[in-house]
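Read off the chains here:
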Amino acid sequence: DAAVLERLEKIKYENKVRFANYVKNMSGQIIDPNSLFDVQVKRMHEYKRQLLNVLKIIAIYNELLDNPNADITPETFIFGCKAAPGYVMAKRLIKLIWFLSKELEDNPIARERIKIVFMEEYNVSVAEMLIPSADISEQISLAGKEASGTGCMKLMMNGAVTLGTLDGANVEILEACGKENMYLFGLNTAEVDALWRGGYAARNFYHSSARLRHAIDRLYRPIGGEDFSHIADYLLGGELGVADPFMCLADFDSYFNAHATALSDYRDRVGFSRKSLINTAT
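Conventions and cut-offs
- Residues numbered from 1 in each chain as written.
- Predicted model: local features only at pLDDT ≥ 70, side-chain atom pairs only at ≥ 80, totals over all residues.
- Heavy atoms only, no water.
- Disulfide = S-S within 2.5 Å.
- Buried < 20%, exposed > 50% of the residue type's maximum accessible area, 1.4 Å probe, protein only.
- Phe/Tyr/Trp six-rings, centres within 6.5 Å; stacked < 30°, edge-to-face > 60°.
- Lys NZ or Arg CZ within 6 Å of the ring centre and 35° of its normal.
- Helix = DSSP H or I, 4+ residues; strand = E, 2+ residues; numbered from the N terminus.
- Contact = heavy atoms within 4.5 Å.
- Pairing = 2+ DSSP bridges.
- Axes fitted to C-alpha atoms, helices over the stretch in contact; angles between N-to-C directions.
- Core = buried A, V, L, I, M, F, W, Y, C linked by side-chain atoms within 4.5 Å.
- Salt bridge = Lys/Arg side-chain N within 4 Å of Asp/Glu carboxyl O.

Asker: Talk me through the state of the cysteines; I want residue IDs and the actual numbers.
Answerer: By definition, a disulfide links two cysteine residues through a covalent bond between their sulfur atoms. Counted by the stated rule, this structure contains zero disulfides. Cys152 takes part in no disulfide bond, and the closest cysteine sulfur to it belongs to Cys177, at a distance of 11 Å. Judged by relative accessible area, which is 7%, Cys152 ranks as buried.

Printed below as a string of structure tokens:
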């Protein structure tokens, strides 16, 4: 029903305007409600793989730097999480997200097309505005690691289309809405286990993907004026003898391609609104 889909798109846009106004009032940041809102809100943790999301954003940024005229759908990446005062890696990731946001904002080539918003005080009141504004719900934990939580369901029932692995409640989402109404990527649990048993070599994935290699190499240069080479070392050399313990590199190409498909589909506003409606209805 074209009228229903049109009304749904209007409601989503109004929710995005409301959230954009909130962000402006709280932090002064200007975000475009016409951009795609790509949302990852959950506990900051290595297995939830905010770092994989960051590598994707860096890869898009690299493409813009290489080709400033690239036809890239404007996108706002929104992160939110609980505080992580005693978790060293979580604090490093929060700092990376914040300084990457700063670099994108300072770059005239990037700032009009990709933006990062980090919600410093993510809570239920913020969620009430953010979740209904989301276009894409990032549920990208390594297969076999995520419990069946409810955050992904809250995003789904508010019309966000899931971009995720076959893990946690994504399994139930797949059964409910069908694979054509979400964006699945990456290894499944059996494949993860087999890769570990066979000996996971993160550097093999680094060397086999030019896009991934370019993104990780970018971490060896300052981002927003800060050094994040330790995160590149974590992915390639490992800490405590284990490189990339949550297989960001193994899933990167599949993830990047699934995200690219979502961006392409988003340009068909009627088609994307239909996916959104099916997610809400199921």
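Asker: Any details on the packing of aromatic side chains? Residues and values, ideally.
Answerer: Under the counting rule described, the total for this entry stands at nine aromatic pairs. Look at Tyr266 and Phe272: their rings are 5.2 Å apart centre to centre, the planes differ by 80°, and that puts the pair in the edge-to-face class. Here the two residues Tyr266 and Phe272 agree in accessibility, since each one is buried. Feature note: the residues Phe19, Tyr22 and Phe37 constitute an aromatic cluster, connected by ring pairs. Over the face of the ring belonging to Tyr266 we find Arg269, whose NZ or CZ atom lies 4.1 Å from the ring centre.

Asker: Can you break down the side chain of Arg49 residue by residue, with the values?
Answerer: Along the polypeptide, Arg49 turns up in the loop between strand E1 (36–41) and helix H2 (50–66). Residues contacting Arg49, with those up to four places away along its chain left out, are Gln40, Ile140, Ser141, Leu142, Thr165, Phe185, Phe246, Met247, Cys248 and Asp251.

Asker: Please provide a residue-by-residue account of the sheet that holds E1, values included.
Answerer: Strand order across the open sheet formed by six strands is E3-E2-E1-E4-E5-E6, with parallel pairing between neighbours. Edge positions in the open sheet fall to strand E3 (114–119) and strand E6 (183–184), since each of these has one partner strand only. Bridge analysis of E1 against strand E4 (residues 136–139) gives two bridges, and the strand direction is parallel. Within E4, the position partnered with Asp38 by the bridge is Ile136. Most of the contacts of helix H12 (residues 269–281) go to strand E5 (residues 161–164), to which it runs at about 90°, and overall it touches E4, E5 and E6.

Asker: Got a sec to walk through the nonpolar core? Specific residues and values, please.
Answerer: Residues Leu55, Ile216, Leu219, Leu235 and Leu249 are the most contacted members of the largest nonpolar core, which totals 69 residues. Among all residues touching Leu219, those that are not within four sequence positions of it are Leu55, Ile58, Leu96, Phe228, Ser229, Ile231, Ala232 and Leu235. Counting residues in hydrophobic clusters, the runner-up holds 18 residues, among them Phe37, Met129, Ala134 and Leu155.

Asker: Break down the pattern of salt bridges for me, with residues and values.
Answerer: For the structure shown, the criterion picks out twelve salt bridges. A salt bridge links Lys56 to Asp38, with the shortest nitrogen-to-oxygen separation between them at 3.4 Å. Taken together, the residues span a long stretch of sequence, with Lys56 in helix H2 and Asp38 in strand E1 at a distance of 18 residues. Across the pair, Asp38 and Lys56 agree in class, each one buried.

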